[in-house]
Amino acid sequence: MTSYDVVVLAGDGIGPEVTNEAFKVVDAAASAFGFSIKKSVLDLGTERWLKTGDIFPDADFNAVKDHQAIFLGAIGDPRAPVGLIEYGIIAKLRFDLDLYINLRPIKLYDERLCPLKGKGPKDIDMLIIRENTEDAYAGMHGFVHKGQPLEVATQTMVYTREGVERAIRYAFEACRARNGKKNVTLIDKANAVRAQDIWTRVFAEVATEYPDITTDHAYIDAACMWMVKNPEWFDVAVTPNLFGDIITDLGAMLQGGMGIAASGNLHPGQVSLFEPIHGSAPKHAGKNVASPVAAIMAGAMMLDFLGEKKASVAIEGAISDLLCSGKIKGVGTGVHPCNEVGDMVVEEVRAAVAKA
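This is a predicted model, so every value here is computed, not measured.

A.B. asks: Talk me through the packing of aromatic side chains; I want residue IDs and the actual numbers.
C.D. replies: Scanning the model with the defined rule gives 7 aromatic pairs in all. Ring geometry for Phe 23 versus Phe 71: centroids 5.1 Å apart, planes at 75°, classification edge-to-face. With a gap of 48 residues between them, Phe 23 in helix H1 (residues 15-33) and Phe 71 in strand E3 (residues 69-74) connect regions that are remote in the sequence. Classification of Phe 23 as buried rests on a relative accessible area of 5%. A centroid spacing of 5.4 Å and a plane angle of 80° characterise the contact between Phe 56 and Phe 61, whose relative ring orientation is edge-to-face. For Phe 56, a relative accessible area of 8% corresponds to the buried category.

A.B. asks: How would you explain the pattern of salt bridges if you had to name every residue and give the values?
C.D. replies: Going through the model one piece at a time under the given rule, you end up with 27 salt bridges. One salt bridge connects Asp 110 with Arg 112, and the closest N-O pair in it is separated by 2.6 Å. Lys 182 is paired through a salt bridge with Asp 212; the nearest N and O atoms lie 3.8 Å apart. Of this pair, Lys 182 sits in the loop between helix H5 (161-178) and strand E8 (183-188) while Asp 212 is found in the loop between helix H6 (197-207) and strand E9 (214-219), placing the two residues 30 residues apart along the sequence. One network of salt bridges, in which partners are shared, links Arg 161, Glu 165, Arg 169, Glu 205 and Glu 209.

A.B. asks: How would you explain H1 if you had to name every residue and give the values?
C.D. replies: Working note: α-helix, 3.6 residues per turn, so residues spaced by three or four point in the same direction. Over its 19 residues, H1 extends 27 Å from the first C-alpha to the last, a length consistent with the 27 Å expected when each residue adds 1.5 Å. What H1 keeps buried is the set Gly 15, Glu 17, Val 18, Thr 19, Glu 21, Ala 22, Phe 23, Val 25, Val 26, Ala 28, Ala 29 and Ala 30.

A.B. asks: A description of the packing of helix H9 (residues 293-306) against helix H10 (residues 309-325) should follow, citing residues and the corresponding values.
C.D. replies: Relative to each other, H9 and H10 sit at 160°, their axes nearing to 7 Å. Classified by the interaxial angle, the pair formed by H9 and H10 is roughly antiparallel. Here H9 and H10 pass one another in a crossing that is left-handed. Where H9 abuts H10, its residues Val 293, Ile 296, Met 297, Ala 300, Met 301, Leu 303 and Asp 304 lie against Lys 309, Ala 311, Ser 312, Ile 315, Glu 316 and Ile 319. When the residues that make up the contact of H9 with H10 are grouped by side-chain class, the tally is 9 nonpolar, 1 polar and 3 charged.

A.B. asks: Describe in detail the pairing of strand E12 (residues 272-276), supporting the description with residues and values.
C.D. replies: In terms of burial, E12 is largely enclosed, as 5 of its 5 residues are buried. Inspection of the sheet shows E3 paired to E12 by 3 bridges, in the parallel sense. Bridge assignment links Ile 70 to a residue of E12, and that residue is Leu 273. Where strand E11 (residues 262-266) and E12 come together, 4 bridges link them in antiparallel fashion. For Gly 264, the partnering residue across the bridge sits in E12 and is Phe 274.

Calculation rules
Residues numbered from 1 in each chain as written. Predicted model: local features only at pLDDT ≥ 70, side-chain atom pairs only at ≥ 80, totals over all residues. Heavy atoms only, no water. Phe/Tyr/Trp six-rings, centres within 6.5 Å; stacked < 30°, edge-to-face > 60°. Helix = DSSP H or I, 4+ residues; strand = E, 2+ residues; numbered from the N terminus. Buried < 20%, exposed > 50% of the residue type's maximum accessible area, 1.4 Å probe, protein only. Salt bridge = Lys/Arg side-chain N within 4 Å of Asp/Glu carboxyl O. Expected span 1.5 Å × (residues − 1). Axes fitted to C-alpha atoms, helices over the stretch in contact; angles between N-to-C directions. Parallel < 35°, antiparallel > 145°, perpendicular 65-115°, else oblique. Left-handed = near helix turned anticlockwise from the far one by under 90°. Contact = heavy atoms within 4.5 Å. Nonpolar A, V, L, I, M, F, W, Y, C, P; charged D, E, K, R; others polar. Pairing = 2+ DSSP bridges.

Any functional reading would require information that these geometric values do not contain.
Below, the structure is given as structure tokens:
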């Protein structure tokens, strides 16, 4: 039996609850499809920092590298300075493991979840590729005269030819594999942020290698507008880090909100990170009211990355069927008990496999 080594970082707030339900489903799918998940749990997050002062010790980080995937529940707690734990864990994983692709599927399963009038599942099914290690997030920033009236703060956007090209090439390959509308849209702001001309030029060069795929272009402000007005136009989009951070949350709302959206932080062929994109919601922690749907979808993305595509499809199909049938009435806090949703998805996966 094939076994996969996975690091589990449940994290803060509702993280442990949604992570538990995600692996309840992942383990059920693994059993049904004949593989296993070997989990290594790391106690990282705000509680550990408060007790020991440790955020991500070298020994723990080195252990992560020997695994095939990482699952993160949620990070963040108001008892810690803003960004301290997030940057110390999530950013460290992204940058030090060179997880250069942020993969965000935007797919509507049930029209009831969409805030747009007249739009349904046939209209919202896109894949956004966000470059994940450069741009304004590269960490090149500083302050002069900090705390004084004439304080100056700077942050540098960084784009390398290698970083831009590998993200764009991944987008074209993903589009080809997806076999949808066969279109890749570049989203940037090269007319105003002139350094992003490197994106324009590299995109045009790489596109010549994919004659079966059409291309389009939109500046970030227009892309946000078109995503709301005509989301059906989008198939695969590729974008720099900062704009990707913004537009993927807009996309998440089109599919039903943070309670259903999942992401992958990838370095193809190497250990990669999967997580629901919602926050840690400390005020809801321990109450069994958080929706685990996004975490379960992140688990499905993880299985797809590991090569267990049938299991991944089965989990996604179970979520879709439960939403469309109304058995899962929504993906917001308090709609269902957290553990109830996990149990429902497990039952649906097992039923679907038994029928097949």
